Amino acid sequence: MQFSHLSAEHGAWISAACASADPSTVVAQIPHGYERYVRILHPALDEDDQLVRWDAVARSRNHIITAADLFETVAGLDAQGNPATEDAWVDSDLPLDQLPEEQWQALAAELIKATPNEQKYVLGLWAGYAFIEGGERIQIEREPDPALSEEENQRVYELALAEAQKPAFGPEVLDAEQLELGGGYRNYHLFESDAQFLAQPQWAATADGAQRQRPALAFAADHQWMLSTEPFDDCTILGGPAALIEAILNHPQLEAIEVGQFTRIGHSN
């Protein structure tokens, strides 16, 4: 698997195309002009940490999902995830903020299939992850070793903490300009990757384990398709050729609903 840092200029076409769009519309995330667009819905988790599809929640309430629905609307919850109706779905948490790994790999397989051979991909890693810069945002817990003195345990802890707080990337990434798409926290580091990394991203191996976050942005080098997952959002939006969107809509592992360029997500009523 290979990936390498790119300058923010490689995403300038996105900011130029989306800057003036209504922030609640699809084209605020994915530029206009693609043949078709689709929302890929992130599943929720039930009390046993099993994945729950939106359509299962909707059936429990006799709700018909529309293209603009948020999960809260489907489940009868308020914006904080608390019941807002008598028949609210209360057996699950709010949706994941990224696709589960197997679903991401299923999506990536369709993206790769729709992309000419040997073409590279551009991926955007959300800049808000603590592991990227390390530092005081990262804290650890460690049980004292009874065989060591208090001073020795403190020294071992300090060494482990210093290791955990090391940044995942060097200055070529940390000091580079980020792609800024507005909204105060829509900042991204861009990387070029091969198909294998697109399907199974691992940004770093840290003291907290492998960092396998799904890209928040991804597009083919020739821009024939692009996807976006807003930070803390309940879906991933993809724009691309009709055949690709049709494949996503019919994929058994993915729950997806077609949207238009100007669908205002969260404004279904």
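The preceding data block contains the structure.
Residues numbered from 1 in each chain as written. Predicted model: local features only at pLDDT ≥ 70, side-chain atom pairs only at ≥ 80, totals over all residues. Heavy atoms only, no water.

J.: Can you help me understand the state of the cysteines in this one?
T.: One way to say it: the disulfide is the covalent bond shared by the sulfur atoms of two cysteines. On inspection of all chains with the given rule, the structure shows zero disulfides. You can see C235 has no disulfide; the closest cysteine sulfur is in C18, sitting 15 Å from it. Overall, C235 belongs to the buried group, its relative accessible area being 0%. (Disulfide = S-S within 2.5 Å. Buried < 20%, exposed > 50% of the residue type's maximum accessible area, 1.4 Å probe, protein only.)

J.: Sorry, what's going on with the nonpolar core here?
T.: Nonpolar side chains in soluble globular proteins tend to be buried together. One finds V57, F71, L179, Y188 and M226 to be the most contacted residues of the largest nonpolar core, which totals 35 residues. In contact with F71, other than residues within four places in its own chain, are A44, W54, V57, L77, S92, D93, L94, P95 and D234. Counting residues in hydrophobic clusters, the runner-up holds 29 residues, among them L123, F191, A220 and L238. (Core = buried A, V, L, I, M, F, W, Y, C linked by side-chain atoms within 4.5 Å. Contact = heavy atoms within 4.5 Å.)

J.: Help me understand the packing of helix α4 (residues 101-113) against helix α9 (residues 242-249) in this model?
T.: In a packed pair of helices, the relevant descriptors are the angle between the two axes and the axis-to-axis distance. At a minimum axis separation of 10 Å, α4 and α9 run at an interaxial angle of 155°. Looking at the two axes, α4 sits roughly antiparallel to α9. Handedness of the α4/α9 crossing: right-handed. Along the contact surface, α4 presents L107, E110 and L111, while α9 presents L244, A247 and I248. (Axes fitted to C-alpha atoms, helices over the stretch in contact; angles between N-to-C directions. Helix = DSSP H or I, 4+ residues; strand = E, 2+ residues; numbered from the N terminus. Parallel < 35°, antiparallel > 145°, perpendicular 65-115°, else oblique. Left-handed = near helix turned anticlockwise from the far one by under 90°.)

J.: Hey, could you run me through unusual backbone geometry in this one?
T.: For residues besides glycine, phi is generally negative; the peptide bonds are generally trans as well. The residue N62 is not glycine, and still its phi comes out positive at about 55°. Within the chain, F232 stands out as a residue other than glycine whose phi angle is a positive 65°. Turning to its location among the elements, F232 is positioned in the loop between β11 (226-228) and β12 (235-240).

J.: Just to check I follow, could you spell out the pattern of salt bridges for this structure?
T.: For side chains of opposite charge, pairing can occur when their charged atoms come near one another. Across all of its chains, the model carries 10 salt bridges by this definition. Across the salt bridge formed by R36 and E246, the nearest N and O atoms sit 2.9 Å from each other. In this pair, R36 is assigned in strand β2 (residues 36-41) and E246 in helix α9, connecting sequence segments 210 residues apart. For D55, the salt bridge identified is with R53, shortest N-O distance 3.5 Å. Under the relative-accessibility criterion, R53 is labelled partly exposed at 35%. Each of R36, E246 and E258 takes part in salt bridges that share partners, so that together they form one network. (Salt bridge = Lys/Arg side-chain N within 4 Å of Asp/Glu carboxyl O.)

J.: Is there a simple way to think about the side chain of D233 in this case?
T.: For D233, the position within the fold is in the loop between β11 and β12. There is no salt bridge for the buried D233, and the closest opposite charge comes from R39, which lies 5.9 Å off by N-O distance. (Lys, Arg positive; Asp, Glu negative; His and termini not counted.)

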